[in-house]
Protein chains: 2
Amino acid sequence: MENFHMQVDERLVRRAQELRPRLREMIVHPVRLVDIIPRDGDFAAVPASSLEGLEQRPLGRGDRVVFDFGEHRVGYISFTLTSSGSPADAPAHIRLKFGERPLEIAEETADYRGNISSSWLQEEFLHVDVLPTALRLPRRYAFRYMELLVLDTSPKYKVCVSDIACTAVSSGDLSAVPPLTGVPEDLTEIDRISVSTLHECMQGVFEDGPKRDRRLWIGDLRLQAQIDYLTFRNLDLVKRCLYLFAGLTMNEGRVGAGMFTEPEPRVDDTALFDYSLFFVSCLYDYWLETADEEALTDLWPTARRQIELALRELGEDDVVRDRTGWWCFLDWGEGLNKQAGAQGVLIYAIRQALLLATSAGDTESGSWLQEALTRTLAGAGRLYDEEKGLFVSGAKRQISWASQVWMVLAEVPATREERAALLTRTFAAKPEIPMNTPYMVHHLVEALILSGMQDRALQILRDYWGGMVARGADTFWEVYDPEHPAVSPYGSRAVNSYCHAWSSTPSYLIRRYLL
Amino acid sequence: MENFHMQVDERLVRRAQELRPRLREMIVHPVRLVDIIPRDGDFAAVPASSLEGLEQRPLGRGDRVVFDFGEHRVGYISFTLTSSGSPADAPAHIRLKFGERPLEIAEETADYRGNISSSWLQEEFLHVDVLPTALRLPRRYAFRYMELLVLDTSPKYKVCVSDIACTAVSSGDLSAVPPLTGVPEDLTEIDRISVSTLHECMQGVFEDGPKRDRRLWIGDLRLQAQIDYLTFRNLDLVKRCLYLFAGLTMNEGRVGAGMFTEPEPRVDDTALFDYSLFFVSCLYDYWLETADEEALTDLWPTARRQIELALRELGEDDVVRDRTGWWCFLDWGEGLNKQAGAQGVLIYAIRQALLLATSAGDTESGSWLQEALTRTLAGAGRLYDEEKGLFVSGAKRQISWASQVWMVLAEVPATREERAALLTRTFAAKPEIPMNTPYMVHHLVEALILSGMQDRALQILRDYWGGMVARGADTFWEVYDPEHPAVSPYGSRAVNSYCHAWSSTPSYLIRRYLL
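As the structure is a prediction and not an experimental result, all values here were calculated from the model. (Residues numbered from 1 in each chain as written. Chains lettered and ligands numbered in written order. Predicted model: local features only at pLDDT ≥ 70, side-chain atom pairs only at ≥ 80, totals over all residues. Heavy atoms only, no water.)

Of the regular secondary structure elements, chain A holds 14 helices and 16 strands. Compactness check: chain A gives a C-alpha radius of gyration of 25 Å against a globular reference of 24 Å for 515 residues, within 12% of the reference. When its C-alpha atoms are laid out on the principal axes, chain A stretches across 80 × 50 × 50 Å. Here chain A, with 515 residues, has 63% of them falling under the buried criterion. As presented, chain A carries roughly 19500 Å² of accessible surface, and 48% of it is formed by carbon and sulfur atoms. Side-chain charges of chain A comprise 55 positive and 74 negative groups, with the mean position of each set lying 1 Å from the other. (Helix = DSSP H or I, 4+ residues; strand = E, 2+ residues; numbered from the N terminus. Rg over C-alpha atoms; globule rule 2.2 N^0.38 Å. Buried < 20%, exposed > 50% of the residue type's maximum accessible area, 1.4 Å probe, protein only. Areas by Shrake-Rupley, 256 points an atom, 1.4 Å probe, with all protein chains shown as cover. Lys, Arg positive; Asp, Glu negative; His and termini not counted. Charge placed at Lys NZ, Arg CZ, Asp CG, Glu CD.)

Looking now at the sheet that holds strand β11 (residues 216-217) of chain B. All names here are of chain B. With respect to topology, three strands assemble into an open sheet ordered β11-β13-β14, the strand pairing being antiparallel. The strands lining the two open edges of the sheet, one partner per strand, are β11 and β14 (266-267). Relative to β14, strand β13 (residues 258-260) runs antiparallel, the two being bridged by two bridges. Following the sheet pairing, M259 is matched in β14 by V267. (Pairing = 2+ DSSP bridges.)

With an RMSD of 0.0 Å, the fit of chain B onto chain A corresponds to turning through 180° and sliding 0.0 Å along the axis. When the rotation and shift are considered jointly, the pair of chain copies conforms to a two-fold rotation axis. Considering only C-alpha atoms, the residue of chain B closest to the rotation axis is F125 of chain B, which sits at 3.1 Å. Most of the interface of chain B is mirrored in chain A, where 100% of its interface residues are also at the interface. (Least-squares fit on C-alpha atoms with pLDDT ≥ 70 in both. Contact = heavy atoms within 4.5 Å.)

A few words now on the packing of helix α3 (residues 185-201) of chain A against helix α13 (residues 454-470) of chain A. All names here are of chain A. Taken N-terminus to C-terminus, the directions of α3 and α13 make an angle of 65°; their axes are 10 Å apart at the nearest point. Crossing of α3 over α13 shows left-handed handedness. Touching D186, L187, E189, I190 and I193 of α3 are L458, L461, R462, W465, G466 and V469, all from α13. A per-class count over the contact of α3 with α13 returns seven nonpolar, one polar and three charged. (Axes fitted to C-alpha atoms, helices over the stretch in contact; angles between N-to-C directions. Left-handed = near helix turned anticlockwise from the far one by under 90°. Nonpolar A, V, L, I, M, F, W, Y, C, P; charged D, E, K, R; others polar.)

Contacts between the two partners involve 35 residues from chain B, matched on the other side by 36 residues from chain A. A buried area of about 2900 Å², summed over both sides, lies between chain B and chain A, and 50% of it is on carbon and sulfur atoms. For chain B, the biggest contributors to the area lost against chain A are P87, S119 and H127 of chain B; these three give 19% of the whole. The residue R214 of chain A makes a salt bridge to D129 of chain B at a minimum N-O spacing of 2.6 Å. For the pair chain B and chain A, the interface holds 26 residue pairs in polar contact (both at pLDDT 80 or more). Taken together, the elements giving at least two residues each to the side of chain B that touches chain A come down to β7 (123-128) and β14 of chain B. Among the elements that make up the side of chain B that touches chain A, the one with the highest residue count is β7 of chain B (four residues). Grouping the constituent residues of the side of chain B that touches chain A by class yields 13 nonpolar, nine polar and 13 charged. (Buried area = accessible area lost by both parts, 1.4 Å probe. Salt bridge = Lys/Arg side-chain N within 4 Å of Asp/Glu carboxyl O. Polar contact = N/O pair within 3.5 Å; in protein donor to acceptor, adjacent residues only side chain to side chain.)

A few words now on the confidence of the model for chain A. In the predicted model, chain A carries a mean pLDDT of 97, and 100% of its residues have values of at least 70. As scored by the predictor, the complex reaches a pTM of 0.96 and an ipTM of 0.96. (pLDDT = per-residue confidence, 0-100.)

Let's shift gears to the pattern of salt bridges. Residues and elements named next belong to chain A. Tallied over the full model, the rule gives 72 salt bridges over all chains. A salt bridge links E18 to R15; the shortest N-O distance between them is 2.9 Å. Taken together, the residues E18 and R15, both in helix α1 (residues 10-18) and three residues apart, mark about one turn of the helix. A salt bridge links R15 to E294; the shortest N-O distance between them is 2.8 Å. Placement of the pair is R15 in helix α1 and E294 in helix α7 (residues 293-311), with a sequence separation of 279 residues. On the basis of relative accessibility, which here comes to 22%, the residue R15 falls in the partly exposed class. Relative accessible area serves as the criterion here: at 32%, E294 is assigned to the partly exposed category. If you follow the salt bridges from partner to partner, you end up with R15, E18, K239, D292 and E294 in one network.

See below:
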């Protein structure tokens, strides 16, 4: 944004830094070598030669091996490179490529035409001057597969690779996660993968994805915290993230959409209407979970401020003014009009703010929040198309999943039955704008559950996340469209994140609602 | 070689390691930015925008800057990368390329078709995850020019570069080199560049070239030591190298052609007929220079052994048996028959060994060496073509510069006048095989001087090394052919060494003979 400046509350930032977690380290090794082959428009890893004796297998120019670490890992790679033949009379030149899925190994970097930075491709070129050398790469990678390609040695020697290890890191303790019992096998597996996904995203903060963006986004944080309360219960990590967002705000105290933590914490200069409001939601969930008075006292003013700022966006009709550009997220995908969804999120957050105001003893805020709720509910009514029985969004009166789902989550239809009827009509209407992310599908599933439509919710959860399982997911993917498995919001699936926090919500949905 | 094994004399190796030099460090900075442009089949660096304000000039995808460090440097690069614009929301991906000359920057790595390892190309790809970051690259580079190319940042930020520095290293102390006075300006300049060249090659050992092979070769060592005695007088470095070669020999105590020093000293598994004999020459020169009794006592047995092994190669006619393959160096280039040159080197070394035997009090060796001298001189006579008045080599009776020059240096023609006449006839004959390296031209110049043909020697020195100066040499090149400036023994001039020890001999020639 223009004229961006960061407001710093040093006390809150200091508190956030005190809560910085210790990362747990685990040394893991590859479990097999694989070949990557094309399969059904995607790529698959199939067993290759044994790892046995690899340390004595000379690799010369053009030779490659692909290591399979058995499951998704976030960490630091080390290995030893030795020479075979004459002494190394020229540097060894090798390339390493890391993939969460086989396709990232298979797709050629030179062919990358994505619209986000190619720097996300996990690929390194290394010269090794002295052999043998024990190497430890300084960067952190997110991967299951690691390819080592020998670009050149010399005619007089080849290289051998040994002692391949990954120091895997996470601030989550898997042993703290309560086991899931009495649940069908497929849901147990979906829960297991969800927990793995969240585990990999739990680092110094809750990251959206350990491969990309490796960053704290508040939209992801809200869901991560909800899952965390039912699994890892790393409550201090949630608190740390809340204090970072409150301690480092944008102009006028607006909570930013994302947070950088290195070399020192810094709020991103991007705000999103729904994401700023989710600060309220995050604090609401955290307060219900912990009754942490310190946090409520410290953070309520920031939460309240987000409602104040959001209400400025209402038009005279008490409806959020429509806008173009990247101002409200809701979901990826072209063409989604955000107005009605934004209205839903605003109401959802006002309801939560009301409880927080009461808890904080802020009666003055309680009163204007009550008034705001009345106004925004009235505004929402103006977005309702009586004839179609659906909410419409924007000047072109677009009908989308996002609009209906957020109106339901905001309890705009007053009763459970009315909400169920709205969702049933939405299924029948087959909205032109599809859902593009697990993030959006999650909200649909939760909306269904809260409308008493458990069966339908469960079916979608099983079909959608089960579809990723059937396609070999070790962790859940940022983007998944069963009809278009190669879809990417970035113009290249090689930069999609295949371990993405907002996709790990089945553990929350199952453990909260389906047990 | 097959069945290679290394013989270790731990006492000698220990002594060599005690003599390991302390590297002097000097922090240097780029002096300007340049553009690299094609010129006359080569590339030239022309001044570009100022360095002033560079640290605030944002560089985005595809932007590049080329730093000129003013002169040749061997060292470690450090710089700071900062972000400009929004915080860095993706890693910065940059490429660094280093060139001793502009052409190494200009030539595309993807186009490399050389026959030695592409790993010699000084190019690195770096991902920088956190900005700002102060980077220090772990590898040592040999360069004057450094290109920084931004491969990608993100649409939200660019990078700025600041604090660019090179920690230049050498074990040579330039302030110890006696100034050259009373010499014409062009020779002063040639001497200055020679001293620079040797300085850059003086590291933990005498390296052949700091870019490539970065290694101790005995053929280079002999010349480096000769120059060193008249310039840096880093006598311990010579001694260290001699002890390494004697402490780590090949089968039967043969001195190898080259030596690796990292991770620990190890002789290369390559032997060359002339190079093994140059151990005798190196010790001879060192002994004359230092009268170091310890070294003579420790190293004479190794020197003597090289003559014994070489004599085995004589046929019944007392001529070195001709061979194919890479068995004797003499010079780069296709088609040179090595037989006569090898005979010359053998006689040259026997003469030196005779003095060493006497100095070491080894009368027994003195006696068989005297006999060997007689035999090999007789053998050399059989290579003399009376009709042509030239020495011929191999079954095809090839006439080359190398053959005549080494017969002169070996004093096979008994008088100075006969040697001068031989060289005069060689010029007239215009040998079919050209001289390809400064190494060979050096031996011609020294042969001319030792034959009383100073004027001709000086003319060649001025034309040849002056030609490199005219073409912008900061240090002298491994390979130089005035008629074919793009020549490379490796199929690509991008991997030629442009700072090569064996090319820095003008300081020796000028200071020893021409002052």
